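Observations on chain architecture
Chain by chain, the residues run as shown.
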Amino acid sequence: MNWRGAILPVSVIAAAQFAATTYGIQSDALASPVEILASLLQALADGSMIRATLETLGAALGGLLVGGSAGILAGIVLGLSGVLNRLMTVSIELVRPVPSVAIIPLFMLVFGLGFRLEIAVVAFGVVWTVLVLTRAAVAGIEPRLLEVARVLGMSRAQAIWKIVLPSALPRIFVALRLAATVSLIVAVTVEVAVNPLGLGYGMQIAQQALRPEWMFAYLVWLIIVGWSFNYLLVRIEGIVLRRMNFTGPRR
Amino acid sequence: MRQRDLLWGLASVCFAALLVFLWHLISAYRLVAPVFLPPPLAAFNALANGFEDGRLASATAETLERIFLGWLLASVLGIMVGAWIGISAFARNYVMPTLELLRPLPASAAIPVAITFFGLSDAMVLASVGFGAVWPMLLATAYGVAAVDVRLVEVSRMLRLGRFSYLRIIALPNALPDILSGMRVGLVVALIITIVGEMLTSRTGLGQWIMLAARSFRSADLFAGIVILGLIGLASALMLSQIERWLLRWRLQA
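Cut-offs and rules
Residues numbered from 1 in each chain as written. Chains lettered and ligands numbered in written order. Predicted model: local features only at pLDDT ≥ 70, side-chain atom pairs only at ≥ 80, totals over all residues. Heavy atoms only, no water. Helix = DSSP H or I, 4+ residues; strand = E, 2+ residues; numbered from the N terminus. Rg over C-alpha atoms; globule rule 2.2 N^0.38 Å. Lys, Arg positive; Asp, Glu negative; His and termini not counted. Charge placed at Lys NZ, Arg CZ, Asp CG, Glu CD. UniProt positions renumbered as here; feature names shortened; annotations may be inferred. Buried < 20%, exposed > 50% of the residue type's maximum accessible area, 1.4 Å probe, protein only. Contact = heavy atoms within 4.5 Å. Patch = residues over 30% accessible without salt bridge, like charges linked within 9 Å, V, L, I, M, F, W, Y side chains within 5 Å. Areas by Shrake-Rupley, 256 points an atom, 1.4 Å probe, with all protein chains shown as cover. Salt bridge = Lys/Arg side-chain N within 4 Å of Asp/Glu carboxyl O. Phe/Tyr/Trp six-rings, centres within 6.5 Å; stacked < 30°, edge-to-face > 60°. Lys NZ or Arg CZ within 6 Å of the ring centre and 35° of its normal.

1. Re the overall build of chain A
A count of helical and extended segments in chain A gives 10 helices and zero strands. Listed N to C, the secondary structure of chain A is α-α-α-α-α-α-α-α-α-α in terms of helices and strands. For 251 residues, the compact-globule estimate of 2.2 N^0.38 gives 18 Å, and chain A exceeds it by more than 25% at 23 Å. By principal-axis analysis of the C-alpha atoms, chain A measures approximately 80 × 50 × 30 Å. Considering chain A, the positive charge centre built from 18 side chains and the negative charge centre built from 11 side chains are found 18 Å apart.

Right, here's the structure in full:
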């Protein structure tokens with residue numbers, strides 16, 4: 001980002017601060033930038049912000065783990081078995097468009113409020129993307145590689161472990177990165193909607209308590225967290241894909 | 001070949017029916033408590049009753065209206081700002097970085113902010129949907145408008161096209177595939193934020209419907225609501241891909 005990009009946000013913040021100090025706002029909806037920053041620093045210092053962040057990230061990653069592994073497993077099975085895949089097509093295409101948040105009330109009945117609810121909803125939110133992309137990755141494997149496995153007399157498990165997984169892995173990883181981005185979004189959404197955990201809930205509570213400075217502090221922190229999360233994912237993806245290209249076949 | 005595809009499709013539908021039958025057996029033998037998993041017939045009856053007495057129908061209509069309005073708002077806004085960023089170096093340099101900064105913010109984080117400004121109202125849902133769904137369209141439009149073939153830019157210069165004619169005749173049609181895929185993603189976001197907004201505001205709608213059904217342990221009603229929401233997701237995706245095919249038919253001829 002160059003300096004010209006900083007002009008707009010800096011001037012908006014400066015104008016807001018100027019307006020707040022000269023006119024002295026008493027508002028339930030707005031807070032001055034200095035107040036917001038002070039609240040943010042205070043929440044970071046007393047550990048409440050860090051705890052909320054860990055809750056949100058923990059639920060997002062937990063859901064990613066559950067949904068991602070289920071998606072990879074099912075994707076490999078369906079990608080390898082043409083018959084099963086064609087039989088399942090209609091069922092999958094019917095369930096897949098159900099928006100993840102529509103499942104919240106159902107999972108609330110089953111799990112109650114808490115981590116399990118959030119993890120389950122996140123898992124439902126990511127499993128279809130991972131499944132479909134893994135299935136495509138596995139189905140797109142060079143057929144001659146599978147013939148090689150057959151000629152070498154590999155067992156099914158051996159073939160999956162030595163041939164299928166390595167050649168599908170780069171695309172599976174891309175699917176997982178996509179799913180990771182979604183997982184954070186779904187986690188925050190569940191918190192905003194019902195779940196008394198994490199950053200989304202923190203925002204809701206601050207809003208209900210008519211503390212705009214806290215709410216905006218959470219908002220600013222969420223921007224920072226979202227930005228770093230995505231930055232980290234892109235970096236990891238870059239490193240992993242480069243590694244894979246050293247060992248895997250070049251395209 | 002077509003016939004074989006058809007047969008496989010039929011087999012796949014039968015398989016889905018088999019799964020529903022399995023669902024029926026599970027609930028008939030009470031392997032899962034009916035509070036969590038109602039028998040498929042009960043869910044279907046709830047669906048039929050809800051539409052018969054009009055409550056589910058009106059909830060569906062309200063939800064569809066909110067999704068559509070929010071999505072429309074986001075589309076208009078996203079395409080306008082995206083086109084501006086795409087053709088103006090000023091906007092790219094001075095405005096785009098701020099937007100890039102806001103983009104990773106989960107769309108639902110806009111909801112508490114919208115509540116402080118609009119209260120628990122329809123305007124709040126509209127604003128949140130608009131904010132959340134605007135990003136895919138904005139970024140796709142900006143990208144598509146900026147990525148015009150150099151030769152086309154030269155042609156437009158030769159023809160002395162003004163900024164608006166350039167946008168209308170060359171840049172926006174060029175960006176259409178990107179815009180449409182952005183609108184597709186935006187529609188999914190609009191659906192999700194609308195449901196959450198309805199859950200929170202308790203305005204009549206499917207989000208409120210499924211929430212109330214769950215809170216009073218009416219699982220058949222809950223499943224009816226989920227089924228409709230799934231159908232909305234499915235139908236909107238199918239509709240958009242049809243529109244896309246129709247709008248982009250000129251590309252196939254090229």
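Let's pick the thread back up.
2. Looking at the UniProt feature "transmembrane region" (unreviewed entry) in chain B
Residues and elements named next belong to chain B. In the numbering adopted here, UniProt assigns the feature "transmembrane region" (unreviewed entry) to residues 7–26, 68–89, 101–120, 126–146, 182–201 and 222–243. Here residues 101–120 runs as 55% helix and 0% strand, with 28 Å between its end C-alpha atoms. Between the first and last C-alpha atoms of residues 126–146 the distance is 29 Å; the span itself is 100% helix and 0% strand.

3. Things to note about the environment of Leu105(B)
Relative to the elements of secondary structure, Leu105(B) occurs in the loop between α5 (96–102) and α6 (110–118). For Leu105(B), a relative accessible area of 7% corresponds to the buried category. Excluding anything up to four places from it in sequence, Leu105(B) contacts Leu219(A), Leu222(A), Ile223(A) and Phe131(B).

4. Section: the UniProt feature "transmembrane region" (unreviewed entry) in chain A
Per the UniProt record, "transmembrane region" (unreviewed entry) is found at residues 57–82, 94–113, 119–138, 172–194 and 214–234 of chain A. For residues 172–194 of chain A, helix accounts for 96% and strand for 0%, while the C-alpha atoms at its two ends are 32 Å apart.

5. Things to note about a nonpolar patch on the surface
Residue and element names in this part refer to chain B. On the surface, Leu 19, Phe 21, Leu 22, Leu 25, Tyr 29, Leu 31 and Val 32 cluster together to form a nonpolar patch covering roughly 690 Å² of accessible area. Its location among the elements puts Tyr 29 in the loop between α1 (2–28) and α2 (40–52). Residue class for Tyr 29 comes out exposed when judged on its relative accessible area of 64%.

6. Topic: the packing of aromatic side chains
The description of two aromatic rings rests on the distance between their centres and on the angle between their planes. All names here are of chain B. Throughout the structure, instances matching the rule amount to seven aromatic pairs over all chains. Ring geometry for Phe 68 versus Trp 71: centroids 6.3 Å apart, planes at 50°, classification tilted. Taken together, the residues span about one helical turn, with Phe 68 and Trp 71 both in helix α3 (residues 55–87) at a distance of three residues. Its end group placed over the ring of Trp 246, Arg 249 keeps NZ or CZ at 4.6 Å from the ring centre.

7. Points about unusual backbone geometry
Look at Leu210(A): it is not a glycine, yet its phi comes out positive at around 55°. With respect to the helices and strands, Leu210(A) occurs in the loop between α9 (198–208) and α10 (212–247). Residue classification places Leu210(A) among the partly exposed positions, given a relative accessible area of 47%. In this structure, Arg160(B) is a non-glycine residue whose phi angle is positive, near 50°. Given a relative accessible area of 75%, Arg160(B) falls into the exposed group.

8. Structural notes on the side chain of Ser100(A)
In this structure, Ser100(A) sits in the loop between α4 (82–95) and α5 (104–111). Ignoring any residue separated from it by four or fewer positions in sequence, one finds Ser100(A) in contact with Val121(A), Phe124(A), Gly125(A), Val186(A) and Ile192(B).

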